[in-house]
Amino acid sequence: MSTRTVYYIEGDGIGPEVWAAARPVLNAALEKAYAGANKLDWKELLAGGKAFKETGEYLPQVTLDTLSNADLAMKGPLQTPVGKGFRSLNVTMRQTFDLYACIRPIKYFKGIESPVKRPDLVDIVVFRENTEDVYAGIEWSSNSPEAKRVIEFLVDEMGAKIDSSAGIGIKPITPAGSKRLVRRALDFALEQNRESVTLVHKGNIMKYTEGGFLKWGYELAAEDYAGKVVRDGEEGEGKVIINDRIADAMFQELLMRPEKYSVLATTNLNGDYLSDALAAQVGGLGLAPGVNMGDKLAIYEPTHGTAPTIAGKDMANPGSLILSGAMLLEHIGWNEAADLIKNSVEKSLAAKKVTVDLSSQISGAATVGCKEFGEIILANL
Ligand code: NAI
């Protein structure tokens, strides 16, 4: 008998509705898979509008303190408070807890309309580095004193050729940051019996940043995964293969030969592009789950936002939150319950009674509300 505590944040906008539809599904899947032997103990934490109403703060200290000792959390979407001086609550949480891996599984569900011929060949998990790269926020606008100072240094002391009017952005990529992300991807591939991990980079052009990522990824595999992970072409029945692709070629590969790829590990900007392109390939972002993960804490969340125009109208699709819950269950090794959920979502889509975002994409489908779609998924478990 095992009980795991999951801290949850309801979120703003459609958050409360999708939670009300999703939680019964997650609990029922556990009951069906383990008959009470494995359970989740849900504990609410406040953040966003609900927190502000009850405590006067958008991100109360007690929420941060609790999460700093936690390992599992799930959150609904949070609206960034309007007005000066508010940082995005999502970014604050990612930085506070050093959630360096953004992980998004992308898989096709039968029945959804897709812009490609064989979306069913896509079954790929993207591991995107979340803290470095041009997303580190180190940049200065064209003609600002800061940009001018940096340019002066680069031209005078480093011999670089840059126009004095350039806007400047810095792209830091570290060995430690790259290795911890690649480690996550390799561990996942080994645990979930995935065939390969592909390092995606633009190292042919950006030799010391993207190229560094590639070099450090291979170094890690050789140093810490000898005997478990092999390079492309090496002998290794049943072992995870590590290979690499240049980012631009990867976009072609994913459209033309997606079945050859299983797990991608990549830098922040590449990962941002690749995960949205892949999601579009299987029919859009509507059902996409995700997690932001550090060494200790993992926060599972849907990839959509608060959808303010449909909030409170029983129109939201709870699928993304439900599938984020399935990811959490896989992460703690409760794969039987996760499989029940994924199969049930597929069965429910095939039955063509779905929320409006999906009914518009499935020919002949009827529209049901958020609550009813949750009940259908529960009934199909
Ligand atoms: P959004 O994802 O909320 O909405 C984009 C479009 O998708 C809208 O048409 C919306 O109605 C629809 N949509 C989204 N989720 C849906 C669902 N579950 N079912 C049916 N339709 C759905 O993105 P938007 O409008 O850019 O952002 C709204 C707010 O959400 C902003 O305040 C933003 O900062 C926040 N946001 C929060 C995120 C998070 O907490 N992780 C992620 C993205 C946005």
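Source: prediction; values computed, not measured.

What counts, and where the lines are drawn
- Residues numbered from 1 in each chain as written.
- Predicted model: local features only at pLDDT ≥ 70, side-chain atom pairs only at ≥ 80, totals over all residues.
- Heavy atoms only, no water.
- Near = heavy atom within 4 Å.
- Polar contact = N/O pair within 3.5 Å; in protein donor to acceptor, adjacent residues only side chain to side chain.
- Areas by Shrake-Rupley, 256 points an atom, 1.4 Å probe, with all protein chains shown as cover.
- Helix = DSSP H or I, 4+ residues; strand = E, 2+ residues; numbered from the N terminus.
- Buried < 20%, exposed > 50% of the residue type's maximum accessible area, 1.4 Å probe, protein only.
- Contact = heavy atoms within 4.5 Å.
- Pairing = 2+ DSSP bridges.
- Axes fitted to C-alpha atoms, helices over the stretch in contact; angles between N-to-C directions.
- Domains from an automatic or database assignment.
- UniProt positions renumbered as here; feature names shortened; annotations may be inferred.
- Salt bridge = Lys/Arg side-chain N within 4 Å of Asp/Glu carboxyl O.

Participant: Any details on the site of the ligand? Residues and values, ideally.
Facilitator: In the vicinity of the ligand there are 17 residues, among which L78, E301, G305, A307 and N317 approach most closely. At 3.0 Å from an oxygen atom of the ligand is found a side-chain nitrogen or oxygen belonging to N90. Backbone polar atom of G305 to an oxygen atom of the ligand: 2.6 Å apart, as the coordinates give it. For the ligand, the protein covers 60% of the area, taking 810 Å² as the surface of the free molecule.

Participant: Go over the side chain of K171 with me, naming the residues and quoting the values.
Facilitator: Of note, K171 is situated in the loop between strand 7 (168-169) and helix 6 (175-191). Overall, the relative accessible area of 19% leaves K171 in the buried class. At 2.7 Å, the side chain of K171 and the side chain of D133 are in polar contact. A polar atom in the side chain of K171 sits 2.8 Å from the side chain of E210. Filtering out sequence-adjacent residues up to four positions away, K171 remains in contact with D133, V134, M206, T209 and E210.

Participant: An account of the sheet that holds strand 9 (residues 229-231) is needed here, citing residue identities and associated values.
Facilitator: Spatially, 11 strands are ordered 2-1-3-13-12-4-5-11-8-10-9 in an open sheet, and the strand pairing comes out mixed. Two strands lie at the open edges of the sheet, namely strand 2 (38-44) and strand 9, each paired on one side alone. Within the sheet, the average angular offset between the axes of one strand and its neighbour, ignoring direction, is 25°. In the sheet, strand 8 (residues 196-201) pairs with strand 11 (residues 263-266) via four bridges, with the strands oriented parallel. Each bridged residue has a counterpart across the sheet, and for V197 the counterpart in strand 11 is V263. Each of strand 4 (101-107), strand 5 (123-129), strand 8, strand 9, strand 10 (240-246), strand 11 and strand 12 (289-293) touches helix 6; the most contacted strand, strand 5, lies at about 160° to it.

Participant: Kindly report on the side chain of D133, identifying the contributing residues and their values.
Facilitator: Relative to the assigned elements, D133 resides in the loop between strand 5 and strand 6 (139-140). With a relative accessible area of 0%, D133 lands in the buried category. In contact with D133, other than residues within four places in its own chain, are I170, K171, P172, I173, E210, T267, N268 and L269.

Participant: Which residues make up the domain arrangement of the protein chain, and what values do they have?
Facilitator: Assigned domains within the protein chain: domain 1 (1-102 + 288-380), domain 2 (114-129 + 173-282) and domain 3 (134-170). Domain 1 and domain 3 are separated by 41 Å when their C-alpha centres are compared.

Participant: Go over the UniProt feature "binding site: NADP(+)" (unreviewed entry) in the protein chain with me, naming the residues and quoting the values.
Facilitator: Mapped onto this structure's residue numbering, the UniProt feature "binding site: NADP(+)" (unreviewed entry) falls at N317. Along the chain, N317 turns up in the loop between strand 13 (298-302) and helix 10 (319-331). In this structure the side chain of N317 is engaged in a polar contact, spanning 2.7 Å, whose partner is the backbone nitrogen of G319.

Participant: Tell me about the pattern of salt bridges, residues and numbers included.
Facilitator: Within this structure, the stated rule accounts for 21 salt bridges. In this structure, E219 engages K179 in a salt bridge whose closest nitrogen and oxygen atoms are separated by 3.3 Å. With E219 in helix 7 (residues 210-224) and K179 in helix 6, this pair connects stretches of sequence that are 40 residues apart. Of the charged contacts in the structure, one is a salt bridge between R183 and D224, with a shortest N-O distance of 2.6 Å. Placement of the pair is R183 in helix 6 and D224 in helix 7, with a sequence separation of 41 residues. Look at D224 and you get partly exposed, because its relative accessible area is 38%.

Participant: So what about unusual backbone geometry? Which residues, and what values?
Facilitator: Both trends apply: most residues other than glycine have a negative phi, and most peptide bonds are in trans. The backbone phi angle of D98 is positive, close to 50°, even though this residue is not glycine. Note on placement: D98 falls in the loop between helix 4 (89-96) and strand 4. Here D98 falls in the partly exposed class, since its relative accessible area comes to 34%. The phi dihedral of N193 falls on the positive side, at around 55°, and the residue is not glycine. Tracing the sequence through the fold places N193 in the loop between helix 6 and strand 8.

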